[in-house]
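Chain residues, written in single-letter form:
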Amino acid sequence: MPGSIFEDRMKLATYSFMGLIGLAAYSQASVQVFRRGDVLARARDSKKFELSVPSYANRGRILASDGRPLAQDEDSYVLQVNFERVPHSEGFFADLAEATGIPATEFRELALAGKGSREWRLPLSAAQSAKVKKVKSDWRANGLAIPRSGLRAYALAESAAGIVGQIRDKDPIAGMEASQNTALAGKDGVTVGFVDRTGAFLPMLIDKKSSIPKTDGVDIQTTIDYDLQQAASRAIRKAVETNKADQGVAIIMDPTTGDILAMANWPTFDPSVEGGKGLGMSVARDLNPAVQAVLEPGSMFKVLTLAKALDSGAIQPDEHFKCVGQETVGRKTFTCDRHEVHGNINITDAIAESCNVTASRWSRRVGYDDFVGYFEDLGLMEKPGIGLPGEVTGQFNYKETAKKLQLALVGFGQSINVTPAALAGAFSMIANDGKLMFPRLISRIGTQVIPPEQAAQVVSPESANTVLQCMEAVVESDEGTGKGLRIPGYRLAGKTGTAQRRDPITGRVGGGAGHVANFIGFVPAQHPKVSILVMVDHPTAGSFYGASVAGPVFKELAQASIRRFAIPPTEGNGHSAADGQPRLAPPPSHAHAAKPQAKGPG
């Protein structure tokens, strides 16, 4: 065959092939571009191959301060079947049963019963999900969907449940899962359009007006220290169970930033039980008393009273006071614990030995309006504002007629009820040169950084540091109510508190309602790295004093903080030879008359 004829035929074949390609391209362009509206209209009328497929947003994670997840989505899925859009054949049901582990007879019966759609809540693994996708493709079963289950994995389980909360049956019901749900959840989307016979969307036939892209939820980073949170949970649980108490709270805070490093409560719940359904969860167990309960601070409050009295000039640092064991204000006589008579004491003695009489004089010298304004400035009457649901305000009876007596009682922590979270922030002011920081639990939401924020300079650095030295004597002095909490090599500052409890039924304080055992402490005593608040509500196993019930929790968490932050030993520290430890340098001014009675734990 002559070469020219062969070449002509090859050109003709090439041109013909290119023409066919062009014709096909024109046909698709005509369908998907030029006549797109007509095609969509006819397809809608016939409903053939039209799909509206939801796209589920990924829920954001809740993270510890170091980025470790406290809550995140499990890698699991649920099966959704629209029986109007899947084959009704034994082979299909058998393949779907093999992929999911759900009996084929169950699928068959639902199909025969004319069920429209059905969802199986039994979570499927990633491997099972992949098998279902293959069944969907092989059988062109557009009615199959396998969205993520929405179940959450909670790394610290009950240790952080009061903070993190829980998702139950896809609904956020507690903690940050509930209060920060808008940021965490994001928004689901939907794709509306037409698919080919394999179930894949035709890109040019997606209805962009009706389709909505999903918006994934964002991560929330907390200030919680992963290791300290576990330590706090173990310690407060032990205290509540050992002392047969109703509930307990332990909070560790960085006083310079207001960051909450740990916030544990007991009893609590396990959010991961039975796939996040919270087996056995009740209203009582769901309560986070750190922000949802108000408790009487008791003698811990004396250090706040002293700070204000010094700062206002109502008392002088070197002033002495006489305690005869009781004081009468109006028609009421109150006593020091166990009716102790403290004699002639200075401010260090009054804090170390927890003198009610002296503290009541401090608050009365400040005056009613100034003192009420002071604890309002400390944020004690406000919600903690840390981003958890159900936060409550403090309680104080502004309508009390016997205001002079009320002022005297508030001076040593009675007649006022506050949330532990707000109280921890107020006490941390003393460890931060008198600067009050807003308590902070969330440091970042998505890309938005939430920085530490100073609330106010409540008292002067001089006043705060004087109180801090007095608090050292509580632990380091042989007369201090917290002397049993010493840690060799470290000077600590603290204050015990044994408060009367408000009856949950009558609302009255005292009268057999029990006590709240409290302790506030700083590690180390000078330039504290952490402040630790412990409150144990209604211990009934025998002792109810702050030193013996709440004190051991403080000591355990002080040791955990020392390890966690590698806090160096206090220079020149020592303890008495009677303790089998080196002698401690004397605390500030501690000279007074011998006491006639042995001291109670305060």
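Look up: the structure comes first, before these words.
Residues numbered from 1 in each chain as written. Predicted model: local features only at pLDDT ≥ 70, side-chain atom pairs only at ≥ 80, totals over all residues. Heavy atoms only, no water.

(A) Spatial organisation of the pairing of strand β15 (residues 320-323). In β15, alternate side chains face the same way, and those of F321 and C323 are buried while those of H320 and K322 on the opposite face are not. Relative to strand β18 (residues 343-346), β15 is paired through four bridges, and the arrangement is antiparallel. Each bridged residue has a counterpart across the sheet, and for K322 the counterpart in β18 is N344. (Buried < 20%, exposed > 50% of the residue type's maximum accessible area, 1.4 Å probe, protein only. Helix = DSSP H or I, 4+ residues; strand = E, 2+ residues; numbered from the N terminus. Pairing = 2+ DSSP bridges.)

(B) Focus on helix α3 (residues 90-100). Looking at α3, one finds that the buried residues are F92, F93, L96, A97, A99 and T100. The buried residues of α3 occupy an angular sector of 165° when the element is viewed end-on, so they sit on one face. Backbone geometry just after α3 places G101 at a positive phi near 85°. (Arc of directions from axis to C-beta.)

(C) Representation of the packing of aromatic side chains in the model. All told, the structure shown has 12 aromatic pairs when counted by the stated rule. The interplanar angle of 70° and the centroid separation of 5.9 Å between the aromatic rings of F92 and W139 together place this pair among those described as edge-to-face. Highlighted residues: F92 in helix α3 and W139 in helix α5 (residues 126-139), separated in sequence by 47 residues. On the accessibility criterion, F92 (1% relative accessible area) is buried. Of the residues examined, W139 reaches a relative accessible area of 31% and is grouped as partly exposed. Both rings, one in F396 and one in Y398, keep their centres 5.2 Å apart while their planes meet at 85°; by these two values the pair is edge-to-face. An aromatic cluster of three or more residues is present, and its members are F301, F371, Y374, F375, F396 and Y398. Across the ring face of W120, the terminal group of R118 is positioned such that the distance to the ring centre comes to 4.7 Å. Taking NZ or CZ as reference, K529 lies 4.9 Å from the ring centre of F565, over its face. (Phe/Tyr/Trp six-rings, centres within 6.5 Å; stacked < 30°, edge-to-face > 60°. Lys NZ or Arg CZ within 6 Å of the ring centre and 35° of its normal.)

(D) Representation of the sheet that holds strand β13 (residues 247-253) within the structure. Across the sheet, which stays open at both edges, the five strands sit in the order β14-β13-β25-β24-β23 with antiparallel pairing between neighbours. For this open sheet the edge positions go to β14 (260-266) and β23 (493-500), each flanked by a neighbour on one side alone. Shown here is a sheet whose adjacent strand axes are inclined to one another by a mean of 10°, direction ignored. Here eight bridges tie strand β24 (residues 515-523) to strand β25 (residues 530-537), and the two strands are oriented antiparallel to one another. Looking across to β25, one finds that I520 is bridged to L533. Its contacts with the sheet place helix α9 (residues 226-242) against β13, β14 and β25, and it is angled at close to 30° to β14. Across the sheet, helix α18 (residues 461-476) lies against β23 and β24, angled at about 75° from β23, the strand it touches most. (Axes fitted to C-alpha atoms, helices over the stretch in contact; angles between N-to-C directions. Contact = heavy atoms within 4.5 Å.)

(E) Just helix α17 (residues 420-428), in detail. Within α17, nine of the nine residues are buried, which leaves it mostly tucked inside the rest of the structure. Every buried residue of α17 is listed here: P420, A421, A422, L423, A424, G425, A426, F427 and S428. Buried residues along α17 sit in contact with β13, α11 (289-292), α12 (302-312), β19 (435-437), β24 and β25.

(F) Looking closely at the packing of α12 against helix α15 (residues 368-377). Two elements in contact, α12 and α15, have axes whose closest approach is 11 Å; the angle formed by their N-to-C orientations is 120°. On the basis of the axis angle, α12 is oblique to α15. The two elements α12 and α15 meet at a crossing, and its hand is right-handed. Residues L304, T305, A307 and K308 of α12 pack against D370, F371 and Y374 of α15. Taken together, the residues of the contact of α12 with α15 break down into four nonpolar, one polar and two charged. (Parallel < 35°, antiparallel > 145°, perpendicular 65-115°, else oblique. Left-handed = near helix turned anticlockwise from the far one by under 90°. Nonpolar A, V, L, I, M, F, W, Y, C, P; charged D, E, K, R; others polar.)

(G) Geometry of the environment of S65. Relative to the elements of secondary structure, S65 occurs in the loop between β2 (62-63) and β3 (69-73). Taking the relative accessible area as the measure of exposure, S65 reaches 37% and is therefore partly exposed. Considering only alpha carbons, one finds S65 and L441, 376 residues apart in sequence, at a separation of 9.7 Å. In contact with S65, other than residues within four places in its own chain, are Q221, T222, T223, I224 and D225.

(H) A look at the packing of helix α14 (residues 356-366) against helix α16 (residues 403-411). Their axes nearest at 7 Å, the elements α14 and α16 cross at an angle of 125°. Classified by the interaxial angle, the pair formed by α14 and α16 is oblique. Between α14 and α16 lies a crossing whose hand is right-handed. Contacts from A359, S360, S363 and R364 of α14 reach α16 at K404, L407, A408 and G411.

(I) A look at the state of the cysteines. Counting across every chain of the model gives zero disulfides. The thiol of C336 is not disulfide-bonded; the next cysteine sulfur, from C355, is found 3.7 Å away. (Disulfide = S-S within 2.5 Å.)

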